[in-house]
Amino acid sequence: MIEPFRSDFNARFTAEKYAALKRTMDERTRSHIDFRLCETPCFFAPELLQSMVSAGAELTHQLLDNPKYLAASLAAIPAAYRVPNDDAHPHFMTVDFGLVRSDARDPSSQLVPKLVELQAFPSLFGYQPVLSQAYIDTYQLSPELAYRFSGLDDAAYWQLLREVIVGNHDPANVVLAEVAPETQKTLPDFRVYEQRLGIRIVDVAQLVKQGNRLLYREKFGLVSIQRIFNRVIVDELVRKQIHLPFNYRDDLAVEWAGHPNWYFRISKLSIPYLDHPTVPPAVFLSDWYAGKPHRLPEDRGQWVLKPLYSFAGKGIHFAPAQADLDAIPVADRKNYLLQQRVHFEHVIQTPEGPTQPEIRILYAWPAGGRLTAMCSLVRMGRGLMMGVDHNRDKTWVGSSAGLYLPEKGSVHA
């Protein structure tokens, strides 16, 4: 954690500046931030960020270069949600890391990243640079601090997102599709795309199907959709029993920015297939039961049980009991992961004590282009779960940003 930025920030922090940060974010996203903003950004050494950016790219290519994995991931897509015309690679990647010591016995040893999970799904690519810049502006931080990667300035960042999300289409024919978007906590992110790209935000359940075409309603009538920026989580559709006006298996005359199949193909499903220093041991629950012995060790606190396709931490079970595992129906065990728990370091010094960061690296990957690291997203917490919804009753935790000094080292995928 680079100095003197960390100690200087803590010394100059005021509640008034934090209140101003929240007002600024509401103004710049034209909405209300309905989750907790952390009081502070994180100040990272560029070499630490580079280690995560490189690891995320290596993990992504390791999966896409593995024919066995690609076949298994294709088979894992539920038949009811298998969408035709898959893309050769995902348009978006997010890879989450926590930080551990290279030598667990030495508290002064180097900080290194450990994988939490990875997902081929668009995260907060719009909201995150707005938050990062808001920290710099509101707290009057050094203008030399950066948050974008790959040599991107603001114009290049949004040009790349325009290429991936809008493509060659008129933005009026491109929609961001989500379940009841006005009610989602991620609405501030949606508003940024709407402002910067000119695309429409639509409720996926309110679309209209005519033949093999999808349309959305505007005040003056129906508008044809040529490309969908997909933000729909299938888990939410199932949980809320939402009935769509189209079938995912339909061969629709639309392009996808973030093809829905990749949500299933790169996820927690991927972790047992990875071989990398950043990846903790993990096994599918079905494979674990097939082995001998299939009893949990006495120290259950070293394990986490995770459903493969939950979102925002839903269904994760720390220190599961044998009865918890046995209660999962045999047919469903292939949809759960038993993973060795990694105890991350609380390395961000705050006026209320050290806080633990979880760092998400965001990548965009245009068709015919290369996987490009865009920026980082940071969540700060002190509990078992790092999501902003799990830290509402604490301070100096929540949604944050990773800042660094580019002259000390560039960060590229």
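Right above here is the structure, for reference.
Computed from a predicted model, the values in this text were never measured in an experiment.

(A) Structural view of unusual backbone geometry. Going from E3 to P4, the amide bond is cis rather than trans, its omega being 10°. Secondary-structure assignment places P4 in the segment before α1 (5-12). Not every positive phi belongs to a glycine, and Q140 is a case in point at roughly 55°. Summarising the element assignment, Q140 is placed in the loop between α5 (127-138) and α6 (154-165). Of note, A319 is a non-glycine position whose phi angle comes to about 45°, a positive value. In this structure, A319 sits in the loop between β13 (317-318) and α11 (322-326).

(B) Broad picture of the environment of A177. For A177, the position within the fold is in strand β4 (residues 174-178). Classification of A177 by relative accessible area gives buried; the value is 1%. A177 has contacts with V202, V204, I228, F229, N230, R231 and V232, leaving out every residue within four places of it along the chain.

(C) Looking closely at the packing of α6 against helix α7 (residues 187-197). α7 packs onto α6 with a crossing angle of 95° between their chain directions and a minimal axis gap of 11 Å. In terms of their interaxial angle, α6 and α7 are classed as roughly perpendicular. For the pair α6 and α7, the contacting residues are D154, W158, R162 and I165 in the first and V192, Y193, R196 and L197 in the second. Residue composition of the contact of α6 with α7, by class: 5 nonpolar, no polar and 3 charged.

(D) Geometry of helix α2 (residues 15-29). With 15 residues, α2 should cover 21 Å at 1.5 Å per step; its first-to-last C-alpha distance of 21 Å lies within 8% of that length. Next to the buried residues of α2 lie α5 and α7. Directly after α2, the chain includes R30, whose backbone phi takes a positive value near 55°.

(E) Fine view of the nonpolar core. L115, L118, I165, Y193, I199, I266 and Y363 are the most contacted members of the largest nonpolar core, which has 103 residues in total. The element best represented in this core is helix α3 (residues 46-64), accounting for 9 residues. When near neighbours in sequence (up to four residues on either side) are disregarded, L118 contacts L59, L63, M93, T94, V95, I266, S267, K268, S270, I271 and L274. Of all hydrophobic cores here, the second largest spans 19 residues; its members include V83, V175, L207 and W256.

(F) How the structure looks around the side chain of E39. Relative to the helices and strands, E39 is located in the loop between α2 and β1 (42-43). A polar contact of 2.7 Å, which involves the side chain of E39, links it to the backbone nitrogen of W396. If near-sequence neighbours (up to four positions away) are discounted, E39 is found in contact with F9, F13, Y18, Y135, Y139, T395, W396 and V397.

(G) Region of interest: the layout of surface pockets. Approximately 330 Å³ is the volume found for the second largest pocket. Taken together, 16 residues make up the lining of the second largest pocket; nearest its centre are P78, D235, F264, Y309 and N335. Secondary-structure elements contributing two or more residues to the lining of the second largest pocket are α8 (234-239) and α9 (261-265). Residue contributions to the lining of the second largest pocket peak at 3 residues, all from α8. Of the residues belonging to the lining of the second largest pocket, the class tally is 11 nonpolar, 2 polar and 3 charged.

(H) Summary view of the packing of aromatic side chains. Going through the model one piece at a time under the given rule, you end up with 22 aromatic pairs. Judged by centre distance (5.7 Å) and plane angle (20°), the ring pair of F5 and F43 falls under stacked. Residue F5 is located in helix α1, and its partner F43 is located in strand β1; the two are separated by 38 residues in the primary sequence. The pair F5 / F43 is uniform in exposure class, with both members buried. On the basis of an interplanar angle of 85° and a centroid distance of 5.1 Å, the ring pair of Y193 and F229 is categorised as edge-to-face. Here Y193 is found in helix α7, whereas its partner F229 is found in strand β9 (residues 227-230), with 36 residues between them in sequence. As far as the burial class goes, Y193 and F229 line up, both buried. Taken together, F5, F9, F13, F43, Y135, Y139 and W396 form an aromatic cluster joined through their ring pairs. Positioned above the aromatic ring of W262 is the side chain of R265, whose terminal nitrogen or guanidinium carbon lies 4.7 Å from the ring centre.

Reading guide: rules and limits
- Residues numbered from 1 in each chain as written.
- Predicted model: local features only at pLDDT ≥ 70, side-chain atom pairs only at ≥ 80, totals over all residues.
- Heavy atoms only, no water.
- Helix = DSSP H or I, 4+ residues; strand = E, 2+ residues; numbered from the N terminus.
- Buried < 20%, exposed > 50% of the residue type's maximum accessible area, 1.4 Å probe, protein only.
- Contact = heavy atoms within 4.5 Å.
- Axes fitted to C-alpha atoms, helices over the stretch in contact; angles between N-to-C directions.
- Parallel < 35°, antiparallel > 145°, perpendicular 65-115°, else oblique.
- Nonpolar A, V, L, I, M, F, W, Y, C, P; charged D, E, K, R; others polar.
- Expected span 1.5 Å × (residues − 1).
- Core = buried A, V, L, I, M, F, W, Y, C linked by side-chain atoms within 4.5 Å.
- Polar contact = N/O pair within 3.5 Å; in protein donor to acceptor, adjacent residues only side chain to side chain.
- 1 Å grid on protein atoms, 1.4 Å probe; cavity = no way out; pocket = protein on both sides within 12 Å on 5 of 7 lines; lining within 4 Å.
- Points joined across faces, edges and corners; volume = space filled by probe spheres on them.
- Phe/Tyr/Trp six-rings, centres within 6.5 Å; stacked < 30°, edge-to-face > 60°.
- Lys NZ or Arg CZ within 6 Å of the ring centre and 35° of its normal.

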